[in-house]
Amino acid sequence: MKVKLPGWGFGLQLLLFYRFLSTLGLSMNDSSPEFMKAYEPQGVEDAIYQKWLDSGYFTPENLPDFAERKEVFSIAMPPPNVTGVLHLGHSLENSLMDAMARYQRLLGKKVLLVPGTDHAALPTQARVEKMLMKDGLKNPRQELGREGLVAKIREYAEQSRSTILSQIKKMGTSCDWSRLAYTFDEPRNVAVNELFKRMYNDGLIYRGYRVVNWSVKGQSTFSDDEIMHVERAAKLYTFKYGKDFPIAIATTRPETKLGDTAVAVHPDDERYQKFIGQTFTVDVGAAEPLKIKIIADQNVDPKFGTGALGVTPAHSAIDFAMYELQKMQGNPIEIIPVIGKDGKMTAAAGQEYVGLNVEEAREKFVAWLRAQDLLISEEDITQNVATNDRYGDVIEAIPMEQWWLDVNKTIPQMGKSLRDLLREAVTSGLNGEAAQKVDISPERSIKIYLDRVESLRDWCISRQIWWGHRIPVWYKDGEMVVSEVPMGEGWVQDEDTLDTWFSSATWTFSTLGWPKQTADLATYHPTSWMQMGSDNIYLWMMRMILMSAYALQQIPFKEVYFHGILRDDQGRKFSKSLGNSVDPLEVIAQYGCDALRVSLLVGNTPGNDSRFSEERVGSARNLVNKIWNISRYISMNVGELRHVELVFPKTLTDKWILGCLAQTVEKVSKLFDQSDFSLATEILREFTWTDFADWYLEIAKVEKGKDDILNYILERLLILWHPFMPFVTEEIYARFNNGMLLVAKWPDIEDLKEVTSSVDHLTFTNLQATISAIRNIRAEYQVTPKQLVDVVLSDKEILAYSDIIIALAKVRYLTVGVKPEQAASAVVGFAEVHVSLEGLVDTEKERTKIEAELVSTKKYIEVQTMKLDNADFVSRAPEKVILGEKAKLAEAIDKVTKLEQQLSSMK
RNA sequence: GGACGCAUAGCUCAGUUGGUUAGAGCGUUACAUUGACAUUGUAAAGGUCGGAGGUCCGAAUCCUCCUGCGUCCACCA
């Protein structure tokens, strides 16, 4: 199956351009294109992505040997909001997901990465309304009407959506475009309606009158998770309702006191105990005189303020809870809403106040208190107020009828509540099944999650905005039908829409066909892995677990990896207001996608923030280019790159490098399994640059006959790097004429282990140290690299590798013997290296150097001796440690002897 | 108020269950570069692992307290 998407003509054009070049002889045939001096990502990335699309391999069913791929690996891509364009955070997420997906594909699994976008109900509507208002509309909802405004939003969303999808491709993400989903398309709407119906029938979804978080500007409710608190200066007023009222109370919201119906005190508070149960009638200027009942409540802090709390059930969630408690206890108090949905005082607030906004009402009420001599004190304080970042206004607590999801009610068929399910999913596993347990990384996030589970309140799921899944409920003459459009005339659908998280919470299974029992659902759910920002623990992860556990009795994903947020080079968050935003597409244009991906993954550990800077991208680009040039060099030397199935190491160095490769494969595999992308990158970099390029390739210039091994290692190196830098590795791999790297096989550790079972690491380490010692002396005496030096070794074992030493350390004659007169020396393990420096040796300098080394070595011997003489150490430390310490001591003692000899020979 | 995290080289960070004379990248310095790679090479300098106690034969690593920074939650009416 071939997947082609509209708007992807650019890659094709590039391909044609390259064909055109090749006819001019500027580039070679497709089978083995020549290596340019430096890798230029701009010319090849789009064509490679198109090649992958054409192969169809992003769709797991099209993978080679599909039937033999036993294991399944699936990821549901967190759908980006259609509110704009992708930013660096998305690039990070794509890099994480795609690295994981590609690794698993190379391992030979059926890999599915489902792409999609989120209609992001409230943020999208808020953004479009803002834009329309900028264009001159005063009240878009009024002026355009429901259909008109939704059409405008849809238009914007579609455009934004296609931009985002093309950006995901630019990141190289290997997702299955044939399964592309959208939280607001028809299949997802079916899932949402079905879920609503089931939850309603189970009594979990209900309609209820209570205090909600209300945005006056947005004219909609918000859930507890969508509001944030900001600090602001406020005044704390202490006052009495009337001259004869026995208790003073404090407030920062005097205007709401027009709706007070009780005063709460601590039940044990001796000052107020005698008033508990009494009702006082006071006239503060509201429509009706207030009947204030004195009630007892455990939660009142007797030490704070006056120790008494004015209760406003209509405009405070806490006070509303007291109101409900009183009602339950058969001791009800009244509820009087004095602020309306428009943010203005209601008629209940009284003639004087109706129509005023809260600030005006506050001023007026305070003035009245002052005039009546009821105001006892006012104090400047800082206060946290609830706001929302979408409309930017203060959230008012207002009571109204809304749809709620009950987290405490026992679900009929399950015998437990949604809260229970949320808890089980990360502890025992659903129903105690270990296979239905979500593993969370970093571990500490589990605790944060569980804390929240315990304090979870019912979730307000209805919104008054228009962009979103409409509540699937119809009314007619007091009748109500849920989920299906009823037959007959005159039915009116509920005006409200669902909280956007209601639909995105179904993402892992609605994208696989639920509520139909599809093969996809059976094969790919629960999904294997999920990554998200740690700010999404409550907002999204919790809701996904909730919905999946309820609808399927399955967890949505087996593992979840929380990444931190990206900060700039100064540690600041990226934001529009700071002007430090970075456009990933510009970075890609300049440095290439591979460099961007690597720079985002290096230093990114679970739960921790990481920094992004152009410098980092630069150094990642250098790494990409290094791999390019390693390949270029090998290809120039071995003639043609080709696949080599097995190798037979001939020399020490062959065994050593294959041993390094084996270790690297083992470590990187393990790190992938632990989602430790950062360390995996570092391990690979070390192997690539230091072991392979700086040592082995340099040695290969001297020791010939390594063509097979070079091919063997390079091919595996490309496979290992592919998850991190898919483009450049695929581009180089084309020269192997061995199919597509995308579906290559991850190196087999067992094969490698067999080949390298007899590696003599010690000898190679000595060889390296010998060469480094000579280079060190050369640098110290500023011998130019061109100039050859004569070297005398004390140990003849290493002489077997004289060719390598001569080449890598720029040596003229290499012999075994005693120290020449004019020479600088170094101790390497149990051997000595002397570099003849006719007329160059600075005896004083040498002496000082040796003496300094003697001092430190002797000190070390002292410490080691003490350690080994310590009976406790010898008796309690493991044998392995003791042997190690003894060996180190022996080496140090030998070193002292040699240094002393060198010193005495200098006289 | 509650919870959590971080503190290691000039900068950004590794350091896996306690056993190194504590590492990397970038930056710095010196020398070099017709050579696969100036997107390079070789080498060097640079740290009493935030502070104080404790456990242990042994602590960057475990425990307690303190200091500084950060994050989340709750919200004081």
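Above this note sits the structure.
Now for a description of the structure that goes with this document. (Residues numbered from 1 in each chain as written. Chains lettered and ligands numbered in written order. Predicted model: local features only at pLDDT ≥ 70, side-chain atom pairs only at ≥ 80, totals over all residues. Heavy atoms only, no water.)

## As for the overall build of chain A
Right, so step 1: The helix and strand tally for chain A stands at 27 helices and 29 strands.
Right, so step 2: Counting only C-alpha atoms, chain A reaches 110 × 70 × 55 Å along its principal axes.
Right, so step 3: Here chain A, with 907 residues, has 55% of them falling under the buried criterion.
Right, so step 4: A separation threshold of at least 6 residues defines the contact pool for chain A, and within that pool the share at least 24 residues apart is 75%. (Helix = DSSP H or I, 4+ residues; strand = E, 2+ residues; numbered from the N terminus. Buried < 20%, exposed > 50% of the residue type's maximum accessible area, 1.4 Å probe, protein only. Contact = heavy atoms within 4.5 Å.)

## Describing the environment of Leu-799
Right, so step 1: Mapping Leu-799 onto the fold places it in the loop between strand E26 (789-793) and helix H24 (802-808).
Right, so step 2: Ignoring any residue separated from it by four or fewer positions in sequence, one finds Leu-799 in contact with Leu-793, Leu-814 and Val-816.

## Some remarks on the pattern of salt bridges
Right, so step 1: For the coordinates displayed, the defined rule picks out 48 salt bridges.
Right, so step 2: Two residues, Glu-255 and Arg-362, come together in a salt bridge whose shortest N-O distance is 3.0 Å. You can see Glu-255 sitting in the loop between strand E8 (249-251) and strand E9 (262-265) and its partner Arg-362 sitting in helix H8 (residues 358-371), a full 107 residues away along the chain.
Right, so step 3: Put simply, Asp-439 and Lys-437 hold a salt bridge, and the shortest N to O gap is 3.7 Å.
Right, so step 4: By relative accessible area, which is 41% here, Asp-439 ends up partly exposed.
Right, so step 5: Assessed through its relative accessible area of 28%, Lys-437 is described here as partly exposed.
Right, so step 6: Several salt bridges share partner residues, and in doing so they unite Glu-61, Asp-176, Arg-179 and Asp-520 into one network. (Salt bridge = Lys/Arg side-chain N within 4 Å of Asp/Glu carboxyl O.)

## Considerations on the protein's contact with RNA strand B
Right, so step 1: Taken together, 54 residues lie near RNA strand B, and Phe-304, Arg-616, Asn-629, Trp-689 and Arg-876 sit nearest.
Right, so step 2: Sugar and phosphate atoms constitute 62% of the interface atoms of RNA strand B, taking the interface as everything within 4 Å of the protein.
Right, so step 3: A distance of 3.0 Å separates a base nitrogen of RNA strand B from a polar atom in the side chain of Lys-626.
Right, so step 4: One of the side-chain nitrogen or oxygen atoms of Glu-698 is found 3.3 Å away from a base nitrogen of RNA strand B. (Near = heavy atom within 4 Å. Polar contact = N/O pair within 3.5 Å; in protein donor to acceptor, adjacent residues only side chain to side chain.)

## Looking at the sheet that holds strand E28 (residues 823-828)
Right, so step 1: Taking strand neighbours across the sheet as the criterion, the four strands line up as E27-E26-E29-E28 in an open arrangement whose pairing is mixed. Pairing within the sheet leaves two strands with one partner each, and these edge strands are strand E27 (811-816) and E28. Each neighbouring strand pair of the sheet contributes to a mean axis angle of 20 degrees, computed without reference to strand direction.
Right, so step 2: Alignment of E26 against E27, held across four bridges, turns out to be parallel. Note that in E27 the partner of Val-789 across the bridge is Val-811.
Right, so step 3: Of the strands in this sheet, E28 and strand E29 (831-836) touch helix H27 (residues 879-905), which is tilted by about 170 degrees from E28. (Pairing = 2+ DSSP bridges. Axes fitted to C-alpha atoms, helices over the stretch in contact; angles between N-to-C directions.)

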